[in-house]
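Below, each chain spelled out in residue letters.
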Amino acid sequence: MVVALGVTDKRIKNSVGFIQTSNENSRAISQLLKQILAKKFSFTDGLLVMIDGSKGLHKAVVDVFGKKQLFSVVSGTNVKCTELFK
């Protein structure tokens, strides 16, 4: 199961989509991200994406959203959220 969680500027967490999949390959994740975009998901001010080190997740995010739309794609579990906003 892969869940996409959105956090608003007011720190409200919302589940924006999920899929049941046996792995985190880019094809499955791209499908999830495209479903989210079809729901009129708006990210006009940019997008911060936090993922683990999966290459499939990273590839899907870049393929669907494009590099220019992203503030950062953060991979790895050693990164603290507070470090991103310094």
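These remarks concern the structure in this document. From a predicted model like this one, the values you see are computed outputs, not experimental measurements. (Residues numbered from 1 in each chain as written. Predicted model: local features only at pLDDT ≥ 70, side-chain atom pairs only at ≥ 80, totals over all residues. Heavy atoms only, no water.)

1. Quick notes on unusual backbone geometry
Okay, step 1: In the Ramachandran plot, Arg11 falls in the positive-phi region, its phi being about 65° despite a non-glycine side chain.
Okay, step 2: With a relative accessible area of 73%, Arg11 lands in the exposed category.
Okay, step 3: Located in the positive-phi region is Lys40, a residue other than glycine, with phi close to 70°.
Okay, step 4: Inspection of the secondary structure puts Lys40 in the loop between helix H1 (26–38) and strand E3 (47–51).
Okay, step 5: Taking relative accessible area as the criterion, Lys40 reaches 73% and is therefore assigned exposed. (Buried < 20%, exposed > 50% of the residue type's maximum accessible area, 1.4 Å probe, protein only. Helix = DSSP H or I, 4+ residues; strand = E, 2+ residues; numbered from the N terminus.)

2. A word on the pattern of salt bridges
Okay, step 1: Applying the stated criterion across every chain, the model contains one salt bridge.
Okay, step 2: The salt bridge partner of Lys59 is Asp63, with a shortest N-O separation of 2.7 Å. Of this pair, Lys59 and Asp63 are both found in helix H2 (residues 55–65), four residues apart, which corresponds to roughly one turn of the helix.
Okay, step 3: Its relative accessible area of 48% is what places Asp63 among the partly exposed residues. (Salt bridge = Lys/Arg side-chain N within 4 Å of Asp/Glu carboxyl O.)

3. Topic: H1
Okay, step 1: Here H1 is 13 residues long and its end C-alpha atoms lie 18 Å apart, about the 18 Å a rise of 1.5 Å per residue gives.
Okay, step 2: Those residues of H1 not exposed but buried are Ser26, Ala28, Ile29, Ser30, Leu32, Leu33 and Ile36.
Okay, step 3: Buried positions along H1 lie against strand E1 (2–7), strand E2 (13–19) and H2.
Okay, step 4: Where H1 starts, the residue carrying a side-chain oxygen 3.2 Å from the main-chain nitrogen of Arg27 turns out to be Asn25.
Okay, step 5: Lys40 sits one or two positions beyond H1 and adopts a positive phi of about 70°. (Expected span 1.5 Å × (residues − 1). Contact = heavy atoms within 4.5 Å. Polar contact = N/O pair within 3.5 Å; in protein donor to acceptor, adjacent residues only side chain to side chain.)

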